[in-house]
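# Results of the structural survey
One letter stands for each residue in the lines below.
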Amino acid sequence: MILCGDAVLPQISPNVSLMPGSDPQPLKSFMDSLMKLGKYEVALAFPGHCRPFTHFTERTAMLVRHHEERLATVQALLTKQPMSGFAVCSALFGTELGIHQMRFAMSEALAHLIELVRRGQAEQIPGDGMTDDPYGASATLLFAEK
């Protein structure tokens, strides 16, 4: 038995966010923890949301695959042109989100971008302030395939 809280949810992917003052490599930390947790033999897992579930080991592997696929999607976006964090977020999640959901989406997009930078598959470049980000929040940095 394991109390996995929000780390491993049975049906959705937990939000992995890059937030000021927190883990500077949140996706790496999350995926490393999934790899460690996936080695445990767990008969019953108790998540922070939903009912207990029995496919814990398989679920950790599914979550790792999901994030690897998302990283590949983001990298493919960057092959076309440098993009702001907001542009990547919009391509992944759209723009018809409420403010709360947009915060989750933006911080998750940034976590994936930072992971690509850490892996040497993307780079941060200074923006010109004239990006497609109407809010200016992520216009100071662009991300490009390395």
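Nothing here was measured: the structure is a model prediction, and the numbers come from that model.

What counts, and at which threshold
- Throughout, a residue's number is its position along its own chain's written sequence, starting from 1.
- Two thresholds apply to this predicted model, a pLDDT of at least 70 for residue-level local features and 80 or more for giving and counting side-chain atom pairs, whereas whole-chain, interface and lining totals are computed over all residues.
- The side-chain values count all of the structure's non-hydrogen atoms but skip hydrogen atoms and water molecules.
- A pairing counts as a salt bridge when a side-chain nitrogen of Lys or Arg comes within 4 Å of a carboxyl oxygen of Asp or Glu.
- A helix here means a DSSP run of H or I that spans at least four residues, while a strand means a run of E at least two residues long, and both kinds are numbered starting from the N terminus.
- When accessible area is computed with a 1.4 Å probe and restricted to protein chains, residues below 20% of their type maximum are described as buried, those above 50% as exposed, and intermediate ones as partly exposed.
- By definition in these notes, contact holds between two residues if any of their heavy atoms fall within 4.5 Å.
- A score between 0 and 100, pLDDT records how confident the predictor is in each residue.
- Residues enter a nonpolar core if they are buried and are Ala, Val, Leu, Ile, Met, Phe, Trp, Tyr or Cys, with the set joined through side-chain atoms within 4.5 Å.
- Only C-alpha atoms enter the line fits that serve as axes; for helices the fit covers just the stretch in contact. Angles between N-to-C directions range over 0 to 180 degrees.
- Between 65 and 115 degrees an angle is taken as roughly perpendicular, under 35 as roughly parallel, over 145 as roughly antiparallel, and anywhere else as oblique.
- For a crossing to be left-handed, the near helix must be turned anticlockwise from the far one by less than a right angle; the clockwise case is right-handed.

## Overview of the pattern of salt bridges
Tallied over the entire structure, the rule returns 5 salt bridges. For Arg-118, the salt bridge identified is with Glu-115, shortest N-O distance 2.7 Å. Placement of both Arg-118 and Glu-115 in helix H4 (residues 99-118) is noted, with a separation of 3 residues, approximately one turn of the helix. The class for Glu-115 is buried, based on a relative accessible area of 3%. Where Arg-119 meets Glu-115, a salt bridge forms, and the shortest distance between an N and an O atom there is 2.8 Å. By relative accessible area, which is 31% here, Arg-119 ends up partly exposed. What emerges from the salt-bridge pattern is a single network uniting Glu-68, Glu-115, Arg-118 and Arg-119.

## A short note on the environment of Val-64
Within the secondary structure, Val-64 is located in helix H2 (residues 56-80). Classification of Val-64 as buried rests on a relative accessible area of 14%. When the C-alpha atoms of Val-64 and Asp-32 are compared, they prove to be 9.1 Å apart, with 32 residues separating the residues in sequence. Among residues more than four places away in sequence, those in contact with Val-64 are Met-31, Leu-34 and Met-35.

## Description of the confidence of the model for the protein
Confidence in the prediction for the protein averages 89 pLDDT; 90% of positions are at 70 or higher. Ranking the elements of the protein by mean pLDDT puts strand E5 (residues 141-145) last, at 74, and helix H1 (residues 26-37) first, at 97.

## Brief notes about helix H3 (residues 85-93)
In an α-helix, one turn spans 3.6 residues, which is why side chains three or four residues apart end up on the same side. Turning to H3, its buried residues number three or more, namely Gly-85, Phe-86, Ala-87, Val-88, Cys-89 and Ser-90. A positive phi of about 80 degrees marks Gly-94, the residue just after H3.

## Overview of unusual backbone geometry
Phi angles above zero are rare outside glycine, and Cys-50 is one such case at about 75 degrees. As for its placement among the helices and strands, Cys-50 is situated in the loop between strand E2 (45-47) and H2. On the basis of relative accessible area, Cys-50 is assigned to the exposed category, the value being 56%.

## Looking at the nonpolar core
General note: in soluble globular proteins, nonpolar side chains tend to be found buried as a group. Of all hydrophobic cores here, the largest spans 34 residues; its most connected members are Ile-2, Cys-4, Val-8, Ala-45, Phe-56, Leu-78 and Val-88. Among the secondary structure elements, those contributing two or more residues to this core are strand E1 (2-5), H1, H2, H3 and H4. Among the elements that line this core, the one with the most residues is H4, at 8 residues. Each residue touching Cys-4, except ones within four places of it in the same chain, is listed here: Ala-45, Phe-46, Pro-47, Phe-53 and Phe-56.

## Notes on the packing of H2 against H3
Taken N-terminus to C-terminus, the directions of H2 and H3 make an angle of 125 degrees; their axes are 11 Å apart at the nearest point. By the angle between their directions, the pair H2 and H3 is classed as oblique. The crossing of H2 and H3 is right-handed. Contacts between H2 and H3 involve Arg-70, Thr-73, Val-74, Leu-77 and Leu-78 on the former and, on the latter, Val-88, Ala-91, Leu-92 and Phe-93.

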